[in-house]
Amino acid sequence: MTENPLSRRALLGATAAGAASATLIGGTATAAAADGAADGLVDVDVDWPRFLADADLIWKRLPQTWSEGPFLGNALLGSGIYAEPGANAIRFNVQHSQVQDHRPQFGSLFGLARLPIGYLTLEPVGAITAVDWRLDLWNAELRGTVTTAAGSLTLRAIVHNDRSVLAVEVYPSEGERGFRWAFHPAKAISPRADPVFNKPPPEGYTANPDPSVSRHGDLEVIVQPLLSGGQHVTAWQESRHGPRRTLYAGVAWSFPGTTAEGEAVRMVRGAARSPFTALTSTHRSWWHSYYRKSFLSLPDSRTQAFYWIQLYKIASAARRDAPVMATSGPWLEPTPWPAVWWNLNVQLEYWMIHGSNHLELDAVTRSLDRYRRNLVEQVDERYRADSAGIPRTTDMTLLNSGGTGTSGFPVGIPGQESPTPEVGNLVWALHNVWLSYRHTMDATILRDVLYPLLRRAVNYYRHFLAPGPDGRLHLPFTFSPEYGVNAPDCNYDLALIRWGCQTLLDTVAALGAHDPLVPEWKKILATLAGYPVDGNGYMIGAGVPFAKSHRHYSHLLMVYPLYEVTWEQPDKRELIDRSLKHWISFEGALQGYSFTGAASISAQMSRGDDAAFYLSELLRRFVQPNTMYKESGPVIETPLSAAQSLHDMVCQSWGDVIRVFPALPASWPDLAVHDFRTQGAFLLSAVRRSGRTEFVRLKSLAGAPCRLRPGIPGPLKVRSASGRRVPWRVLPNGDVEIGMRRGEEVVVHSARHRPALQIGPVAPSSPAPPWGLPT
C-alpha cells in the first residue's frame, strides 16, 4: 500500500483550481478610488507603543515564584525572574527547550525528559526593599529598578530574538557597585523524579553526572555531560562600561557530539562584542514587525491586556524551527510534566497562531513532517506497514520509546488494556496541520504532510473496526483522555475517525487525485457506529456514561474543535446544550482549559455572554498574576487556548463560512479587528460600534471561494479596491458569496450607510489593574 500516491501534476492542478475565483451571479462590486488608504481600503490608526503599553505587566512588589514574575524567551532560551528563595537575591532562570536527556530505555518522562539547566542570581550589596518593574511588551524587554538598603540597581533585560542569549544591563548606584552575579547549575535529572510528585522513576534510572565549571578570563563555562553522550553547556560573562555592567549568558546543546561548549562560548563572546543598545535594535525590530501582523481591541481592558500578553507569550515560546512546546514552554520549573503532551496540550497551545496571523510559529506541522518515522515506529510492529500513531507523551523528536506507566504513555492498541489504549492523538494533532493548510491554502501542506500522515493514522483505526450484529462498524474499547475508564465505541475516537475519513476524501478531491482507499473511507462514514448518547448527552463511550467531574472535553470533540456536530444543525442543538451543561456542572476536577473549552463551545452556540462568563471564571480562578497557569507545575496551553476562545467569539470560519462577530457579549458594544486570518486564507478586518457591525473588509491571499456572514442587517454594498467589477450575491440564508481573486480586497457594509473605514483601539468600558503585581 503506497503511502502517498498523489502526483505532483495533481498538486499543481489543484493549486491552479484553488486560485481561480468562483463564477457568481447577482450584484457587482466596483472600486471607489477615495477609499484607498494606508492599508488598502481601510485606514489603520494604532499608536503601537502606546497601545501595547496598556497591556504591560507591572511589579511594585518582588515576585516570589515563577507564576508571579516576568518571563523572557525566544522559543529556545527562556528565563523566568523572581526572588531567590531564602536569599537576598533575584533569580534569572536559564532554561532551554532543546535540552533533554537521551536515554530512551527510561521513557519520555524520565529518559527523554526536559532537563533543568540552572539559574543566575543577581546579588545586591544591601537588603532588597522594593522593586519597580515593567515588562514592556512592544520591545519584549524587562525594565525597572531594584531598591536596596545600600542604594539601587537600574536594569534592562532581554532574551534576544534570534540568539540564545540572555542579556541584562545593570546600572548601580554608588552604594550598589559591589553587586555580583553567580550561576547555580541544576542537577541534570528529570523533574518528574522529585518525590513530591509521587512518580517513581523506572528501575536503574539515575541522575546524570555533575557538571564541570571552568573560567576563561571573564567567561565562566558550565559543561553538563550526559550519560548517553552529548552535552549542554552554559556560558556567561560580564562586560563593563564605566559603572554600567552587562551580563550575557547563553546555552548550547549537542547530541551525540560534544560541540556545545564551543558554540556556547562563541555565542556569548559574539553578543558581548555588541553594546546592549545594538543588541536590542535587531531584537526590537523583529518584535515590532511581529505585533503589527494583526490587531484586536475590545472594551474589556483586562481581557484585552491578557490577550496581548498571550501573543507575547506564544512568540516567546514557539517558532517554526524550535521544538514543539513542552507543557511548560521554554520555562522549565519543578514539574511532573517535563515532556510534550499530545492528548490535548499541544493542540491547544498552537490554535491561536492561525487567527492571529502568525503561521511563522507553527512547529507542529514541521515536527510531524520531520519526525514522521518515529510516528510509524511507535505503533506495534504488526501495523507499521501502513499505520502511524503518536504517544500521549514524547520528547522533541516525537519519541516515546519503551516507557510505560509513570515513565511514559505510548500508543495503545484498541481492545487491549495495556498500554493504555489511547490511540487518537495523531489524528487530533493532524487537525492542527489541517488548520494550517486551511488558513494558508498551501497545497504542499496538504499533499506532503497532512495527506500521507492522516492516511496512516486512519489506517491504524481500520485494523480494529469490525461490523457488529447491527451491521454497523464498531471499535473495541479505547481510552478517552483522561477520563480513566476504557469504553468501546469511544466518542473521542469516533469523532476523530469521522473527521479523518471526511478530510481524506476532501483532500483527494482537492488534489484531483485517485486513492484506492476512497471506497473504504466512504464505507466507514456510511456505517460507523453512532455516537453513544444518554439522557445527559454525549457519553464517554458505549456503556460508559459521563458520570464524574472531568477536566477534559475529549468526549465532545465532535462539537469542538472538529465541528462535526454543530449548532447550525437544528436537530443537534438540544443535545449540544445538554452535553455542555452536564459536563461543566461537575466542579471537582475542572481545570482552566475546561473553561476555555466551554467558552469556545458557547461561542459556536452564538452565546457571547456565556462565553465571556467562562473566560472570566478562568481569569478569576486559575490564571496567575503573570498570566501563567499551573497544574502541579507550569502548563502553558490553557492561557494560550483562552486566546483562541476570544478568537472564536470574534470570528469563526469553519464549514467554509466566515462568521463575523458571532458571539460577542452585550458588554462589548465596540470592537475592532484587523488582519485576522481565516480559513480560505483571507485577512479580515471589521469594526463594531454601539452594538452594530459598521463594515467588514476581506483580502484574499489565495483566491479561494468566499462565503461571508457579515452580521450587517438590511441591503448590503460590496466595494472593491481593485477597480474590477467583483461578482457577489446574497444567498437565501443571508450569507454573501463574493468572487475574489488572489490579492483582491473588498469591503462590505450597509447600503444605507457609508461608514468611515477606520480601525483603531476602542475605548475601555472601565479601568482595570495591570497584570503582574501592581500593588
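Please refer to the structure placed before this passage.
Draft legend 1. A look at the overall build of the protein. Secondary structure assignment for the protein yields 18 helices and 39 strands. C-alpha atoms of the protein, sized along the principal axes, occupy 75 × 65 × 50 Å. Within the protein, contacts between residues separated by at least 24 positions form 69% of all contacts whose residues are at least 6 apart in sequence. Summing over all exposed atoms, the protein offers an accessible surface of approximately 26,700 Å²; the carbon and sulfur share of this is 51%.

Draft legend 2. Main features of the pairing of strand 7 (residues 118-123). Taken across its six residues, strand 7 has six buried, putting it largely inside the fold. Judged from the five bridges that link them, strand 6 (residues 90-96) and strand 7 form a sheet pairing that is antiparallel. Bridging across to strand 7, Ile90 finds its partner in Leu122. Bridging between strand 7 and strand 12 (residues 180-185) involves six bridges; their strand directions are antiparallel. Pairing of Thr121 across the sheet is with Ala182, part of strand 12.

Draft legend 3. Geometry of the side chain of Glu349. With respect to the helices, strands and loops of the structure, Glu349 is situated in helix 7 (residues 345-350). Look at Glu349: it is buried, it has no salt bridge, and the nearest opposite charge is Arg114 at 9.2 Å.

Draft legend 4. Quick peek at the state of the cysteines. One pass over the full model with this rule turns up zero disulfides. No disulfide involves Cys490; its sulfur sits 16 Å from the nearest other cysteine sulfur, which is in Cys501. A relative accessible area of 0% means that Cys490 is categorised as buried.

Draft legend 5. Region of interest: the pattern of salt bridges. Under the counting rule described, the total for this entry stands at 41 salt bridges. A salt bridge links Arg180 to Glu123, with the shortest nitrogen-to-oxygen separation between them at 2.5 Å. Here the residue Arg180 occupies a position in strand 12, and Glu123 occupies one in strand 7, the gap between them amounting to 57 residues. Of the charged contacts, one joins Arg143 and Glu141 as a salt bridge, the two residues approaching to 3.9 Å between their closest N and O atoms. A relative accessible area of 29% means that Arg143 is categorised as partly exposed. Overlapping salt bridges, with partners in common, bring together Asp136, Glu141, Arg143, Arg156, Glu169, Arg244 and Arg284 in one network.

Draft legend 6. Here's a closer look at the sheet that holds strand 30 (residues 671-678). Here six strands make up an open sheet; going across it, the order is 17-30-31-32-37-34 and the pairing antiparallel. Every interior strand has two partners, whereas the edge strands, strand 17 (295-297) and strand 34 (716-720), have only one. Across the sheet, the mean angle from the axis of one strand to that of its neighbour is 20°, orientation sign disregarded. When strand 32 (residues 692-700) meets strand 37 (residues 745-750), the two strands line up antiparallel, connected through five bridges. Residue pairing for strand 37: Val696 is matched across the bridge by Val748.

Draft legend 7. Region of interest: the packing of helix 11 (residues 425-440) against helix 12 (residues 443-462). Packing of helix 11 against helix 12 leaves a shortest axis separation of 10 Å and a crossing angle of 160°. The angle between the axes of helix 11 and helix 12 places the two elements in the roughly antiparallel class. Of the two possible hands of crossing, helix 11 and helix 12 adopt the one that is left-handed. Two secondary-structure elements touch here, helix 11 through Leu426, Val427, Leu430, Val433, Trp434, Ser436, Tyr437 and Thr440 and helix 12 through Ala443, Ile445, Leu446, Val449, Leu450, Leu453, Leu454, Ala457 and Tyr461. Class assignment of the residues belonging to the contact of helix 11 with helix 12 gives a composition of 15 nonpolar, two polar and no charged.

Draft legend 8. Spatial organisation of the packing of helix 12 against helix 13 (residues 491-510). The N-to-C vectors of helix 12 and helix 13 enclose an angle of 140°; their axes lie 10 Å apart at closest approach. Considering their axes alone, helix 12 and helix 13 lie oblique with respect to each other. Helix 13 is crossed by helix 12, and the crossing has left-handed handedness. Note on element contacts: helix 13 touches helix 12 through Asp493, Leu496, Ile497, Trp499, Gly500, Cys501, Thr503, Leu504, Thr507, Val508 and Ala510, opposite Leu446, Leu450, Tyr451, Leu454, Arg455, Val458 and Tyr461. In the contact of helix 12 with helix 13, the residues fall into 13 nonpolar, three polar and two charged.

Draft legend 9. Focus on the pairing of strand 14 (residues 219-225). Among the seven residues in strand 14, six count as buried, and that is most of the element. Hairpin remark: strand 13 (residues 212-216) followed by strand 14, antiparallel, with two residues in the connecting loop; positive phi at Gly217, about 65°. Two strands pair when backbone bridges link them, and strand 14 and strand 15 (residues 231-241) are joined in this way by seven bridges, in the antiparallel orientation. Bridging from a neighbouring strand, Pro225 pairs with Gln231 of strand 15. Joining the antiparallel neighbours strand 14 and strand 15 is a turn of five residues, in which Gly229 adopts a positive phi near 100°.

Draft legend 10. Layout of helix 17 (residues 608-621). Here helix 17 is 14 residues long and its end C-alpha atoms lie 20 Å apart, about the 20 Å a rise of 1.5 Å per residue gives. Residues Gly608, Ala611, Ala612, Tyr614, Leu615, Glu617, Leu618 and Leu619 constitute the buried set of helix 17. Looking at the buried positions of helix 17, the neighbouring elements they touch are helix 6 (301-317), helix 15 (573-584), helix 16 (592-604) and helix 18 (637-650).

Here is what the cut-offs are and how they apply
Residues numbered from 1 in each chain as written. Predicted model: local features only at pLDDT ≥ 70, side-chain atom pairs only at ≥ 80, totals over all residues. Heavy atoms only, no water. Helix = DSSP H or I, 4+ residues; strand = E, 2+ residues; numbered from the N terminus. Contact = heavy atoms within 4.5 Å. Areas by Shrake-Rupley, 256 points an atom, 1.4 Å probe, with all protein chains shown as cover. Buried < 20%, exposed > 50% of the residue type's maximum accessible area, 1.4 Å probe, protein only. Pairing = 2+ DSSP bridges. Lys, Arg positive; Asp, Glu negative; His and termini not counted. Salt bridge = Lys/Arg side-chain N within 4 Å of Asp/Glu carboxyl O. Disulfide = S-S within 2.5 Å. Axes fitted to C-alpha atoms, helices over the stretch in contact; angles between N-to-C directions. Parallel < 35°, antiparallel > 145°, perpendicular 65-115°, else oblique. Left-handed = near helix turned anticlockwise from the far one by under 90°. Nonpolar A, V, L, I, M, F, W, Y, C, P; charged D, E, K, R; others polar. Expected span 1.5 Å × (residues − 1).

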